[in-house]
Amino acid sequence: MNFVRKTLSLSQINLSYLEWNSGVNHSSDTNLLLLHGLADQALVWKKLGDQLSDRYHIIAPDMRGHGESSKPNQGYTFTEVIADLEALMDHLNWSKAHILGHSWTGKMAAIWAKQNPQRFNSMILVDPIFIMKLPRLFKLTLPLLYRQLDCLKLIKSFASFEEAENQAKQLAQFSGWSDLQQELFQATIEQKPDGTWGSKFGIPARNEIFEQVMEVPGLTEKIDLPTLFIQPEKGVNRMNWQLQPYQQYLTQLKIERVAGNHWSFLVEPDSFNQTVETFLNSQIMVKL
């Protein structure tokens, strides 16, 4: 195991995070912050962290409401989540970092970059969702969406661990059922007080995060940061019109297609990790 798990106690929550390569003196150019998507946790970045840990100081938090971090009944606005991450960076004495966000945190990263671009060396957006503000009418479709999204299908109660595992094996993020995916599933699930099994991710976080994703536009003005957009072949951003906001607002945008689905880093990790590594190394070379 190349990482260690640590916990940062903030004023309202505890933030759990994984850390790779903390014992080497690094410059801010090699700080890397990895942010997971909805209902996931930091462990999704295990292969990427292991691959890059010889050159980068890497931090991957369990976002509030996820994994081993605190799960308050409210407090999932973009503002509060960004405050968590800035507090984490301050704790690490990081003035800036390369920041990667997947899905929901991809949109959050764009909002953060607009507010505080000085925190970023570069930005990596992995198949972000709903980058623009959505019509209020869309809220009526949320119950249907909640039932359809693979990332949310482990929230319900399962009578046994085996029943939950059988469900997981049918989901896109666990396609292939690798050793990492099995480890991730086991870390995602927990036994509830009534004896049933279900995700550590809960309803309050789901509801408020989706409201934020709907109501807050992700891109509204030009952002002048080196940005990599990772577009999985079977991801959610497959159409040219979906890429237009990124092309309009991100002045240093590079788009790279990779194999796999929305969770390409789990189902096709080799090509995904190489794409990230090539981009990051190019950013370091620019500064040399």
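Up top you'll find the structure we're talking about.
Right, let's walk through the structure included here. (Residues numbered from 1 in each chain as written. Predicted model: local features only at pLDDT ≥ 70, side-chain atom pairs only at ≥ 80, totals over all residues. Heavy atoms only, no water.)

**Considerations on the overall build of the chain**
Step number 1: Scanning the chain for helices and strands turns up 10 helices and 10 strands.
Step number 2: Dimensions of the chain along its principal axes, counting C-alpha atoms only, are 55 × 45 × 40 Å.
Step number 3: Split into buried and exposed, the 288 residues of the chain put 56% on the buried side.
Step number 4: In the chain, of all internal contacts separated by at least 6 residues, the share reaching a separation of at least 24 is 73%.
Step number 5: Roughly 12,500 Å² of accessible area belongs to the chain as shown, and the carbon and sulfur atoms make up 48% of that amount.
Step number 6: Charge separation in the chain, taken as the distance between the mean sites of 27 positive and 30 negative side-chain charges, equals 5 Å. (Helix = DSSP H or I, 4+ residues; strand = E, 2+ residues; numbered from the N terminus. Buried < 20%, exposed > 50% of the residue type's maximum accessible area, 1.4 Å probe, protein only. Contact = heavy atoms within 4.5 Å. Areas by Shrake-Rupley, 256 points an atom, 1.4 Å probe, with all protein chains shown as cover. Lys, Arg positive; Asp, Glu negative; His and termini not counted. Charge placed at Lys NZ, Arg CZ, Asp CG, Glu CD.)

**So, the pairing of strand β10 (residues 250-261)**
Step number 1: Taken together, the 9 bridges between strand β9 (residues 223-234) and β10 define a ladder with parallel strand orientation. Bridged to Leu 228 within β10 is Lys 254.
Step number 2: For the segment spanning β9, helix α8 (residues 240-249) and β10, crossover handedness is right-handed. (Pairing = 2+ DSSP bridges. Right-handed = clockwise from strand over helix to strand, strands pointing away.)

**Re unusual backbone geometry**
Step number 1: Phi is positive for Asn 93, close to 60°, though the residue is something other than glycine.
Step number 2: Looking at Asn 93, the relative accessible area reads 70%, which means it is exposed.
Step number 3: Of note in the backbone geometry, Asp 127 takes a positive phi value of approximately 45° without being a glycine.
Step number 4: Mapped onto the elements of the fold, Asp 127 is located in the loop between β6 (120-126) and α4 (142-148).

**Observations regarding the nonpolar core**
Step number 1: Leu 33, Trp 45, Met 108, Trp 112, Ile 124, Leu 152 and Val 276 are the most contacted members of the largest nonpolar core, which totals 95 residues.
Step number 2: Residue contributions to this core peak at 7 residues, all from helix α3 (residues 104-115).
Step number 3: Filtering out sequence-adjacent residues up to four positions away, Trp 45 remains in contact with Trp 20, Leu 34, Leu 35, His 36, Ala 60, Leu 100, His 102, Phe 265 and Phe 272. (Core = buried A, V, L, I, M, F, W, Y, C linked by side-chain atoms within 4.5 Å.)

**Focus on helix α2 (residues 78-91)**
Step number 1: When the terminal C-alpha atoms of α2 are compared, their 20 Å separation across 14 residues agrees well with the 20 Å that a helix rising 1.5 Å per residue should span.
Step number 2: Burial in α2 covers these residues: Phe 78, Val 81, Ile 82, Asp 84, Leu 85, Glu 86, Leu 88 and Met 89.
Step number 3: Note on α2: the residue one or two positions beyond its end, Asn 93, has a positive phi of about 60°. (Expected span 1.5 Å × (residues − 1).)

**Topic: the packing of α2 against α3**
Step number 1: Taken N-terminus to C-terminus, the directions of α2 and α3 make an angle of 75°; their axes are 10 Å apart at the nearest point. As far as their axial angle goes, α3 and α2 are roughly perpendicular. Packed against α2, whose contacting residues are Phe 78, Val 81, Ile 82, Leu 85, Glu 86 and Met 89, the element α3 presents Trp 104, Lys 107, Met 108, Ile 111, Trp 112 and Gln 115 at the interface.
Step number 2: In terms of residue class, the contact of α2 with α3 is made up of 9 nonpolar, 1 polar and 2 charged. (Axes fitted to C-alpha atoms, helices over the stretch in contact; angles between N-to-C directions. Parallel < 35°, antiparallel > 145°, perpendicular 65-115°, else oblique. Nonpolar A, V, L, I, M, F, W, Y, C, P; charged D, E, K, R; others polar.)

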